[in-house]
Amino acid sequence: MRGFSPLQSALWAHRNTSYVNAKNNIMLINRRKFLTLGSLATGTLMLPKFLKAFEAPVQVFGGNKVLVVLQLSGGNDGLNTVIPVRNDIYYRERPSLSISKEKALSLSDDAGLHPSLTNLKALYDEGNLAILNNVGYPNPDRSHFRSMDIWQTASNSDEVLNTGWLGRYLDSQCMDCSRPTQVLEMDDMLSLALSGEHMKGIALRDPKRLYDTSQDPFFKEMLNAGMNQQTEDPGSYLYKVMSETVSGADYIFQQSKLRPSATVYPNSEIGKDLKTIASLISSDINTRVYYISLGSFDTHVSQQEKQAKLFGDLNEAIKPFTDDLKSNCRFEDVLVMSFSEFGRRVGENGSGGTDHGTANNMFLISGGLTNKGILNEMPDLSNLTEGDLNQQLDFKRVYATVLNKWLQADDYKILGRQYEYLNFI
């Protein structure tokens, strides 16, 4: 099911299947109800023939580039993130919420960074942070759910897709992979971004917790029940999902133990997530993409306090993460890319916050950037559409660049059309 973890999906199918023939252990299920996970079948179980096909040595991708996608959920206020410190319109429209030039962390004569992001400022000074402004898409939608779908599927605003851009990456790259664990999300539920037509990412909050859950006797009983199922049997898909879930959980857990991080991370959710990712990146796991979320940035009320708290959590977690990558000589091979479903309106509201807007900024963090700093123009606050910023850069150009130049994937096949590449990597 969309939004369910693999184990939740298997349990849902077991308890809610429309028809069960207990005598023959056949379950009729809808394939689209499952978050499929490609990985090896566990060697300690007797498995039907179709599961034996998954028994193969691990195949690690050629090259070692890794992408970490950071979703700032809720619509982060980009104007108070990268601050136009010399723009009188900004200060006029935000008499209470604006951040003064003196408090902002100076990036250039015209721009400053939110004061809570001191470690991102250090990355900027090192040449390891790039910023894109005015990123969005034509005919923007101000609904959280619809706009997030557009970003996660890389659709146009007038079309609806049922697969995510990273899910289609898996479809195109990993159909023959021995362990299709190339995309992992640090969450209890899988985002649409990681759901393909044939392949899905794996959602986990913690490798050990996923492993412990996968050892529940229910799963082993179900696998034993599927010993005699043939590939064409309706129930075979359920057994395939469950076998892959158990095996994938074991593989990820074992890899996470190979090189545990000794670096001290904050005890926040994002701190724990980045520590897990750092340990996996340093192992021999074949994962190419990690996906994490931070939020909510839906700051209609009391924005200053909420945004400062969230940015404080990000700031405290990003330093040990990048320090880990540097000490393990992986910083040049890892790209962190942030996005939010939309920005906020230019003018503040009457509740100490801002309402849903349009275009926004994106952060790119890596030791492998070929172009850094502020890569394009700051927002034009004198040219608004109904009080909102006008997007100047389609986010799908960023995706195309990352897919082609970083992940060496066929961006045309994944995105459905050709986009002009950018020059940050």
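Structure: above.
Residues numbered from 1 in each chain as written. Predicted model: local features only at pLDDT ≥ 70, side-chain atom pairs only at ≥ 80, totals over all residues. Heavy atoms only, no water.

Is there a simple way to explain the side chain of Asn361 in this structure?
Relative to the elements of secondary structure, Asn361 occurs in strand S12 (residues 360-365). Overall, Asn361 belongs to the buried group, its relative accessible area being 10%. Ignoring any residue separated from it by four or fewer positions in sequence, one finds Asn361 in contact with Gly78, Thr81, Val82, Ile131, Leu132 and Asn133. (Helix = DSSP H or I, 4+ residues; strand = E, 2+ residues; numbered from the N terminus. Buried < 20%, exposed > 50% of the residue type's maximum accessible area, 1.4 Å probe, protein only. Contact = heavy atoms within 4.5 Å.)

I keep staring at the pairing of strand S8 (residues 183-186) and nothing clicks. Help me out?
As a general feature of sheets, a regular strand has side chains that alternate between the two faces. Residues Val183 and Glu185 point to one face of S8 and Leu184 and Met186 to the other, with burial holding for every one of them. For S8 and strand S10 (residues 289-294), the ladder comprises three bridges, and the chain directions are parallel. Looking at S10, one finds that Val183 is bridged to Val289. Two elements, S8 and strand S9 (residues 202-204), share three bridges in a ladder whose sense is parallel. In the sheet register, Glu185 faces S9, and the bridge partner there is Ala203. (Pairing = 2+ DSSP bridges.)

Would you mind going over the sheet that holds strand S5 (residues 105-106) with me for this structure?
The strands making up a sheet are joined through hydrogen bonds of the backbone, oriented either antiparallel or parallel. Spatially, three strands are ordered S4-S6-S5 in an open sheet, and the strand pairing comes out antiparallel. Each having just a single partner strand, strand S4 (82-84) and S5 make up the two edges of the open sheet. Judged from the two bridges that link them, S5 and strand S6 (residues 111-113) form a sheet pairing that is antiparallel. Directly across from Ser106, in S6, lies its bridge partner Gly112.

What's the story with the nonpolar core in this structure? I'm lost.
Nonpolar side chains in soluble globular proteins tend to be buried together. Formed by 48 residues in total, the largest nonpolar core has its most connected members in Val68, Leu184, Ile277, Tyr290 and Phe321. A total of seven residues in this core trace back to one element, the largest contributor, which is helix H11 (residues 303-327). Ignoring sequence-local partners within four residues, the contact set of Leu184 consists of Leu194, Ile202, Leu204, Ile252, Leu280, Ile285, Thr287, Val289, Tyr290 and Tyr291. Core analysis: the second largest hydrophobic core is formed by 45 residues, Ala130, Val289, Leu364 and Leu403 among them. (Core = buried A, V, L, I, M, F, W, Y, C linked by side-chain atoms within 4.5 Å.)

Looking at this structure, how should I read the packing of aromatic side chains?
For any two aromatic rings, the description comes down to two numbers: the centre-to-centre distance and the angle of the planes. Going through the model one piece at a time under the given rule, you end up with eight aromatic pairs. Between Trp165 and Tyr399, the aromatic rings sit 3.8 Å apart at their centres with planes inclined by 10°, giving stacked as the arrangement. Of this pair, Trp165 sits in helix H6 (residues 165-173) while Tyr399 sits in helix H12 (residues 395-406), and the two are 234 residues apart along the sequence. The exposure classification of Trp165 matches that of Tyr399, with both residues buried. With a centroid separation of 5.6 Å and 50° between ring planes, the pair formed by Phe297 and Phe311 is classed as tilted. Within this pair, whereas Phe297 is found in the loop between S10 and H11, its partner Phe311 is found in helix H11, the two being separated by 14 residues in sequence. (Phe/Tyr/Trp six-rings, centres within 6.5 Å; stacked < 30°, edge-to-face > 60°.)

Any functional reading would require information that these geometric values do not contain.
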